[in-house]
Amino acid sequence: ITTVSGNEFLFQSDIDFLILDWFHAIKNAIDRLPKERSCTSRNLEFKLRRSSSIELLNSLDTESKEPKPEHRKSLIFRLNYSASDTNDRNRVKSRLKKFISRRPSLKTLQEKGLIKDQIFGSHLHLVCEHEKSTVPQFVRLCIKAVERRGLDVDGIYRVSGNLATIQKLRFVVNQEEKLNLDDSQWEDIHVVTGALKMFFRELPEPLFPYCFFEQFVEAIKIQDNATRIKSIRSLVKKLPRPNYDTMKILFEHLKKIAAKESVNLMSTQSLGIVFGPTLLRPEKETGNMAVHMLYQNQIVELMLSEYSKIFGSEED
C-alpha cells in the first residue's frame with residue numbers, strides 16, 4: 001500500500017481469501033474518510049502504523065453503505081485512537097474472535113474448490129498421495145531444469161536467486177497444476193534452485209524424518225568408514241517410501257552437480273553445507289546447534305560421496 005503522503009506498507013499472507021478481505025476493508029476505509037488529502041493520508045497512515053491488518057479488517061463493516069457525515073467523524077476517531085483505547089481494543093478482540101469462528105475451515109474451502117491443495121508447506125506424503133506418486137512432480141521438474149541448463153553454472157545451489165521471483169514461482173506452483181520452468185520468467189536458474197530448496201525447507205517434517213535424526217547423527221560418528229556407510233545405508237532403507245524415493249532422486253541429481261565441480265565449483269562438501277540443514281534437522285533445537293550443523297553437513301557429504309553403496313542394490 002502506498003499512501004498519498006508517500007509511505008509504503010507491505011501486507012503479506014499465503015491465504016487468498018484473507019488477502020481479498022484486507023483489500024476490501026482498506027478500500028472501504030479509504031472511501032469512508034473525508035476527501036481532503038491531508039486528513040485522508042494522516043488518518044489512514046496513523047491506523048496502518050498502529051494497528052494490525054486484522055484489526056483494521058474487523059473494525060469496519062465492509063457490507064454497510066456509505067456512512068453519514070457524523071458516522072465519518074466517529075470512524076476517523078476510531079482510526080486515530082483505537083490502538084490506545086482499552087475498551088476499543090477489547091471490542092476489536094471480541095469481533096476478531098467472532099470473525100475467526102465464522103471462517104470456514106481449510107478443508108471446507110478445499111472441498112468447495114476455493115483453495116487448492118498446497119505443494120509448499122504440505123507434508124511430503126500428502127503431496128505424493130495427491131499426485132499418486134512417490135516423488136513430488138515439482139521436485140522432478142526442478143531437477144530436470146537444473147540438469148538441462150544449470151550443471152555448469154558457477155555456484156549452482158549456493159548462489160541465491162531473486163527472492164521476489166522465487167516467491168512468485170512458489171505461488172504459481174501452489175495455484176496452478178501445470179508449470180513450465182522453461183518460461184522466460186524463470187530464466188534465472190538460481191530462481192529454480194532457490195524454489196527447490198524452499199520446498200524442502202518448508203516441509204513440516206524434513207526429508208530425513210525427525211525420528212531418524214539422532215540415529216543418523218550416531219551413524220555418522222562411527223569411526224570405521226565401512227561400518228559408517230553400512231549404518232547409513234540401513235537407516236536410509238528404513239525411510240518411508242516417499243522420503244526414500246525423493247531422497248534417492250535428489251542425491252543422484254546432486255551427485256551430477258558435484259561431478260561438474262571443476263566448472264561450477266560445487267564440491268560434495270559445498271553441497272553438504274547447503275543441503276545439510278535443509279534436509280536434516282532435529283524436531284527441537286537444543287544448545288548443540290553448531291555441532292548438529294556439522295553432523296548434518298557430514299551426513300549429506302557422505303551420502304553423496306558413497307551414493308552407489310548407500311542407494312544401490314544389495315548385490316552392489
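Preceding block: the structure.
Note that the structure is a prediction, hence the values are computed from the model and not measured. (Residues numbered from 1 in each chain as written. Predicted model: local features only at pLDDT ≥ 70, side-chain atom pairs only at ≥ 80, totals over all residues. Heavy atoms only, no water.)

To continue, consider the overall build of the protein. The helix and strand inventory of the protein stands at 17 helices and 0 strands. Considering the protein as a whole, with its 316 residues, one finds that 44% of them fall into the buried category. Of all intrachain contacts in the protein linking residues separated by at least 6 positions in sequence, the fraction that spans at least 24 positions is 73%. Here the protein has roughly 17,900 Å² of accessible surface; of this, 52% comes from carbon and sulfur atoms. (Helix = DSSP H or I, 4+ residues; strand = E, 2+ residues; numbered from the N terminus. Buried < 20%, exposed > 50% of the residue type's maximum accessible area, 1.4 Å probe, protein only. Contact = heavy atoms within 4.5 Å. Areas by Shrake-Rupley, 256 points an atom, 1.4 Å probe, with all protein chains shown as cover.)

Below, the discussion takes up the packing of helix H11 (residues 213-220) against helix H12 (residues 225-237). At a minimum axis distance of 8 Å, the contact between H11 and H12 shows a crossing angle of 165 degrees. Comparing their axes, H12 and H11 come out roughly antiparallel. Seen along the crossing, H11 lies across H12 with a hand that is left-handed. Across the interface between the two elements, Gln 215, Phe 216, Ala 219 and Ile 220 from H11 touch Arg 228, Ser 231, Ile 232, Leu 235 and Val 236 from H12. (Axes fitted to C-alpha atoms, helices over the stretch in contact; angles between N-to-C directions. Parallel < 35°, antiparallel > 145°, perpendicular 65-115°, else oblique. Left-handed = near helix turned anticlockwise from the far one by under 90°.)

One way to put it is that helix H8 (residues 137-149) packs onto helix H10 (residues 189-201) with a least axis distance of 10 Å and a crossing angle of 150 degrees. Between H8 and H10, the angle is such that the two are roughly antiparallel. The hand of the H8/H10 crossing is left-handed. Between H8, through Phe 138, Val 139, Cys 142, Ala 145, Val 146 and Arg 149, and H10, the contact on the second element is made entirely by Ile 189, Val 192, Thr 193, Ala 195, Leu 196, Phe 199 and Phe 200. When the residues that make up the contact of H8 with H10 are grouped by side-chain class, the tally is 11 nonpolar, 1 polar and 1 charged. (Nonpolar A, V, L, I, M, F, W, Y, C, P; charged D, E, K, R; others polar.)

Moving on, we come to the pattern of salt bridges. Taken as a whole and assessed by the stated rule, the structure comprises 9 salt bridges. With its nearest N and O atoms 3.4 Å apart, the salt bridge here joins Lys 221 to Glu 218. Here the residues in one salt-bridge network are Arg 148, Arg 149 and Asp 182, joined through shared partners. (Salt bridge = Lys/Arg side-chain N within 4 Å of Asp/Glu carboxyl O.)

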